[in-house]
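# A structural walkthrough
One-letter residues, chain by chain:
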Amino acid sequence: MGSGMEITGREPTIHHLRHLAADSEINSADYATYTVVIPPTPDNQPGKMEISMQPVRTDDQRMSNSMFMGFNNRVTRSLSKGKFVNTDADAEGSLCEVPGCHSRMMRNSQGVEIFPCECGFKICGNCFKDVLHAGDGICPGCKEPYKGLDESELTVESRSQMFKQANRLSIVKSTEMQRSQGSDFDYTEYLYESEKSYGYGNAVWPADRMDGENDGTGGGRGTKKFSDKRWKPLSRKVKVPAGVLSLYRLLILIRMVALGLFLQWRLRNPNEDAIWLWLMSVICEVWFAFSWLLDQLPKFCPINRATDLDVLKEKFETPNPNNPSGKSDLPGIDVFVSTADPEKEPPLVTANTILSILAADYPVDKLSCYVSDDGGALLTFEAMAEAASFAKLWVPFCRKHDIEPRNPESYFNLKSDPYRNKVRPDFVRDRRRVKREYDEFKVRINGLSDSIRRRSDAFNTREEVKALKRWKENNDDEPMETLKITKATWMSDGTHWPGTWTVPTPEHSRGDHASIIQVMLDPPSDEPQKGKEGEGNSMDLSEVDIRLPMLVYVTREKRPGYDHNKKAGAMNALVRASAIMSNGPFILNLDCDHYIFNSQALRDGMCFMMDRGGDRICYVQFPQRFEGIDPSDRYANHNTVFFDVNMRALDGIQGPVYVGTGCLFRRTAIYGFDPPPSGDETGCCSCCFPRHRKVVVASAPEPDSEENWLRDDDRMNLALIPKKFGNSSMLVESIQEAAIQGLPLADHPSIKNGRPPGALTKPRKPLDPFIVGEAINVISCWYEDKSEWGQSVGWIYGSVTEDVVTGYRMHDRGWRSVYCVTKRDAFRGTAPINLTDRLHQVLRWATGSVEIFFSRNNAFLAGPRLKFLQRIAYLNVGIYPFTSIFLIVYCFLPALSLFSGQFIVQTLSLSFLVYLLAITLTLCALAVLEIKWSGIALEEWWRNEQFWLIGGTSAHLAAVLQGLLKVIAGIEISFTLTSKSAGDDIDDEFADLYIFKWTSLMIPPLTIIMVNLIAIAVAVCRTIYSTTPQWSKLLGGVFFSFWVVVHLYPFAKGLMGRRGRTPTIIYIWSGLIAVSISLLWVAINPPSANADIGGSFQFP
């Protein structure tokens, strides 16, 4: 029987074809043909294909039932549907080759024989377990260690089970869709199937050739391709040395016990002479112990990770039978760069970041860069145009000479030898030319502001002259003073800039302007393009690929009356626009001042996404590294304790938190889908595309049997799609494309959800005006109305720290994240080294944490998929600012103790000193071990401790107050954008460090310093001249006051400025507060009338 079928490639349905002719020579029970039509992807363009399907006889193939699939414009492939012909080979199977054993070989859950070793040695399950449990793990055949498989990934099925399974037919259900409504079926039903179903994404491919034919021998490419070549992982865990980790965990437990015993002792031994002092100290100490537990418990499982870029290149960019040309099979990446204010975020900084992205070592046609200008400034627009022009010279130069870093500003300011390891004779000439061009490029960027102003003034003057001329010609009676010409901002082509004008007007201000999309660099071709040979002083690019990634400038629409949700809203607009234009399955988000320092960083992140289990990774977070920090790191700007200790520890649980930049996302995770199912879990799109996992397993149907292959409850609920993603059909269609393209390669039995090798080597769809017009539509200000953007889709709204909340939602859905620390820093950026800016930055972070605590994103309300220690870590994120209340009180306790002559304990007993010593020593030991396994320096740990006290007594307290005002009074919180501009002193690299800007956040810590110093002086004088000096109480009070002052030393040093100048207002405020506290104390505890007060001390 021959049947022809016309497939458009647009309707994702599964057709079950059955031959019911009574006179057919082929029994329909002996074969069944399935045709799966794949949804359109960039590599699977809609087009008609004529597919001729011939009947499959039992004597021609071992497997009589097949599912034929068309993908990437290839010839239809046939996949096993599970009905086996009962031949001798299938019934018996292969025998174990271990001497003395005659058991059957191991089989996986699909019934396919497993070869644990690349040598192809046959072994049964019992023998394999014996080899692993013996401790050596050596293959009996080749005498090499087993690699890539472990016992948990293999299942052994008995002969009776296999025979039972051989007579079953797994039926893959599908859902219907209506093309007119622009939706699609649940791709997770298509990707992630149950144990007894086969389909696209299954790790085991059929025993057939690429063209769907079989040589009749029963062999093929089904299982042997896993054993023909050794499988290598793309990443691996590097565990912390067992000796260090075991001792670290033991010390945590010891300190927990010591804290418990100490608090018990404190509660049982109150200070009857100063019960108020004892009570305040005990309350603070209980909270500190609780806060320490929240911070320390998630550090139980620190790990390190390493990637193998050579294996990545071998798998995805090396010629093989599935990819003969060796074209890159890596998925696409869309890079988002966000900026908002060209005054605080200089365009030159943003331009350098863009240039580092365009020069990244990643397939050119798989990389796209989107710049979000949330301010809609013409200055940023023209700076990006200049950067796109300079990139045509800079990017080929980087590729030709392997330049690192690929940020021109950083590269030309390197203090190391630029000619080291450079062997090409034309490097010096090329570098000199590029340096000259870059200097001219900087001059043009720096002069753009004046150029735009002069141009606009000229055009506005011309318009005024025209208006005056028309007024004279019309002989209007109205006075000339009434003529008002709008001061517009003009583009270089003589048209009005549709964004924000320099002089704001309606429809042209920061909160009221149109949406803009400008493709600065067109999408590149899929074939490399070599440059020309050098002539004169020009570079020789005859051996260099001169293509550039696509660069797009985006400004979303803003109108009065709409809540634009700050950075989170801008990022969601980029998600939608990029889904329409390039639809990379992965998204890298960077701040405008964070550039790519390691050109291979994207490949490092992709090693985790494309590795075994990578389909359950929502994002790969890279550590933040900073430049321009003062050598002493006075205000702990590097945050090394957080990035190298806390984040590594979280990586051993469910993954690090999202910190706002330097993060590689899986697009489907941003869309709010659940991760692929493991076990009986639901699929990752179940929230929008209902999944009905009731897989029907039955024997082959008889010719006259009637079965409903598509049931009503399997149909997709089309009404949920606009509610979740908006009304763009192109956006909805892109979701499944991104999901399929983002899967790892199905090149190993342990990869349950994978895509076929070579699937992404085809050119992507071209970019036309209709597509750009749809992208304009999805970034309009009204698009998110009545949708779930910002609620469960995209970046989450409602907090100034939208990054933490977004990552928390992903972890709560069951995703896991990965922390990628590369040998060479992946990204570098700038951080505020000025005290005022640093405090405001910490204030914004702490305010966001308070918002999280009082919202539905509190980890107390998390679902069961969030692991216990991960839940504790997120609890700590929301609770840590409240420690400032107790910290403020505790910092004043030493001074109150010295003023009153009392102490927090009755006497400095031996028990108190032993407990205090044990707690201090265990804390120091834990710090040493953290330094050991994280690689940070002792000075960095100490700077972090100091700034913890500085921030806790200033910014954190203000954040708690602001959060309470928002919750109780509904007062919205506003924050100041962190400035990325440098200081005015060009001769001093760290000029910003000495700039002093007054802020009320400085009052509490400065008051604490002055009160403690005064208290020390008063207590020492009183004790020296007292008739009965209490040295023990003095010693205790002075010790704790000294502890407070030492921690606040960097703050005091920052107040002095460069030349020791401190604003008078600081001394006035601090003096007033210190006097007020002293008068309050005198009112509480007035001096007695004893004439001998003060002991033998006499005024002269």
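Residues numbered from 1 in each chain as written. Predicted model: local features only at pLDDT ≥ 70, side-chain atom pairs only at ≥ 80, totals over all residues. Heavy atoms only, no water.

## A short note on the overall build of the protein chain
Let me state the cut-off plainly: Segments assigned H or I by DSSP are reported as helices when at least four residues long, segments assigned E as strands when at least two residues long, and all are numbered from the N terminus. Using a 1.4 Å probe on the protein chains alone, a residue whose accessible area is under 20% of its type maximum counts as buried, one over 50% counts as exposed, and one in between counts as partly exposed. Note on areas: Shrake-Rupley with a 1.4 Å probe; residue coverage comes only from the protein chains shown.
Looking only at helices and strands, the protein chain has 31 helices and 21 strands in total. Split into buried and exposed, the 1100 residues of the protein chain put 55% on the buried side. Total accessible area computed for the protein chain in this model is approximately 48,400 Å², and 56% of it derives from carbon and sulfur atoms.

## Side note on the confidence of the model for the protein chain
The criterion, for reference: pLDDT is a per-residue confidence score from the predictor, ranging from 0 to 100. Contacts are assigned to residue pairs with any non-hydrogen atoms lying within 4.5 Å of each other.
The pLDDT averaged across the protein chain works out to 76; a share of 71% of its residues lies at or above 70. Scored below 50 in pLDDT, residues 1–91 shows 231 contacts in the model against residues more than four places distant or in partner chains. Contacts from residues 150–228, a stretch scored under 50 in pLDDT, to residues over four places away or in other chains number 234 contacts.

## Some points on the pattern of salt bridges
Short version of the rule: Take a side-chain nitrogen of Lys or Arg and a carboxyl oxygen of Asp or Glu: if they are within 4 Å of each other, that pair is a salt bridge.
On inspection of all chains with the given rule, the structure shows 40 salt bridges. When the shortest N-O distance is used, the salt bridge between Glu314 and Lys232 registers 3.7 Å. You can see Glu314 sitting in helix H8 (residues 309–316) and its partner Lys232 sitting in the loop between helix H5 (224–228) and strand S8 (235–239), a full 82 residues away along the chain. Look at Lys232 and you get partly exposed, because its relative accessible area is 29%. Measuring nitrogen to oxygen at the nearest pair gives 3.3 Å for the salt bridge that ties Arg462 to Glu463. In this structure Arg462 comes out as partly exposed when scored by relative accessible area, which is 34%. Taking relative accessible area as the criterion, Glu463 reaches 22% and is therefore assigned partly exposed. Via salt bridges that share partners, Arg625, Glu627, Asp644, Arg648, Asp825 and Arg828 belong to a single interconnected network.

## Looking at the packing of aromatic side chains
What counts, and what does not: Two aromatic rings from Phe, Tyr or Trp, using only the six-membered ring of Trp, form a pair when their centres are within 6.5 Å; if the ring planes differ by under 30 degrees the pair is stacked, by over 60 it is edge-to-face, and anything between is tilted. The criterion is that NZ of a Lys, or CZ of an Arg, lies within 6 Å of the ring centre and within 35 degrees of the ring normal, and then a charge sits over that ring.
Taken as a whole and assessed by the stated rule, the structure comprises 45 aromatic pairs. Look at Phe381 and Trp497: their rings are 5.0 Å apart centre to centre, the planes differ by 50 degrees, and that puts the pair in the tilted class. Of this pair, Phe381 sits in helix H10 (residues 378–401) while Trp497 sits in the loop between helix H13 (448–474) and strand S12 (516–521), and the two are 116 residues apart along the sequence. Take Phe381: its relative accessible area is 11%, and that puts it in the buried class. The class of Trp497 is buried, set by a relative accessible area of 1%. Plain terms: the ring middles of Phe390 and Phe441 are 5.0 Å apart, the flat faces sit at 15 degrees to each other, and that makes the pair stacked. Remark: Phe441 occurs in helix H12 (residues 427–446) and Phe390 occurs in helix H10; sequence separation between them is 51 residues. Like Phe390, the residue Phe441 is buried in the burial classification. Linked through ring pairs, Phe390, Trp394, Phe397, Tyr411, Phe412, Phe427, Tyr438 and Phe441 together constitute an aromatic cluster. Between the NZ or CZ atom of Lys724 and the centre of the ring of Phe725, over which it lies, the distance is 5.8 Å.

## With respect to the sheet that holds strand S15 (residues 595–596)
The pairing of strands in a sheet comes from backbone hydrogen bonds and takes either a parallel or an antiparallel form. Under the convention used in this document: Criterion used throughout: strands pair if DSSP finds at least two bridges between them.
Spatial strand order, S15-S21-S17: three strands in an open sheet with mixed pairing. Edge positions in the open sheet fall to S15 and strand S17 (625–627), since each of these has one partner strand only. Across three bridges, the pairing between S17 and strand S21 (residues 827–830) is parallel. Its bridge partner being in S21, Phe626 is matched across the sheet by Gly829.

## So, the sheet that holds strand S14 (residues 586–591)
To keep it simple, the criterion reads: Working convention: axes come from line fits to C-alpha atoms, limited for helices to the stretch in contact. Angles between N-to-C directions cover 0 to 180 degrees.
As summarised here, the arrangement of the eight strands in space is S12-S13-S11-S10-S14-S18-S16-S20, forming an open sheet in which the pairing is mixed. The open sheet has two edge strands, S12 and strand S20 (816–819), and neither has a second partner. In this sheet, adjacent strand axes meet at a mean angle of 20 degrees when their direction is disregarded.

## Some thoughts on H8
Note the cut-off: The directions from the helix axis to the C-beta atoms are what the arc is built from. In the analysis that follows, any N or O atom pair within 3.5 Å is treated as a polar contact, provided that within protein one partner can donate a hydrogen and the other can accept it, and provided that, for residues neighboring in sequence, both atoms belong to side chains.
Taken together, the buried positions of H8 are Val311, Leu312, Lys315 and Phe316. Down the axis of H8, the smallest arc covering the buried residues is 110 degrees, so these residues share one side. Packing partners of the buried residues in H8 comprise helix H15 (601–609). With a side-chain oxygen lying 3.2 Å from the backbone nitrogen of Asp310, the N-terminal cap of H8 falls on Asp308.

## Describing the nonpolar core
Definition in use: Side-chain atoms within 4.5 Å link the members of a nonpolar core, which is a set of buried Ala, Val, Leu, Ile, Met, Phe, Trp, Tyr and Cys residues.
One finds Ile333, Trp394, Phe441, Leu551, Met606, Val620 and Leu664 to be the most contacted residues of the largest nonpolar core, which totals 80 residues. By residue number, the principal contributor to this core is H10, which donates 14 residues. Setting aside residues no more than four positions away along its own chain, Leu664 makes contact with Ile333, Phe586, Ile587, Leu588, Gly605, Met606, Met609, Cys618, Tyr619, Val620 and Phe622. Residues Ala289, Val850, Val905 and Phe912 belong to the second largest nonpolar core, which totals 76 residues.

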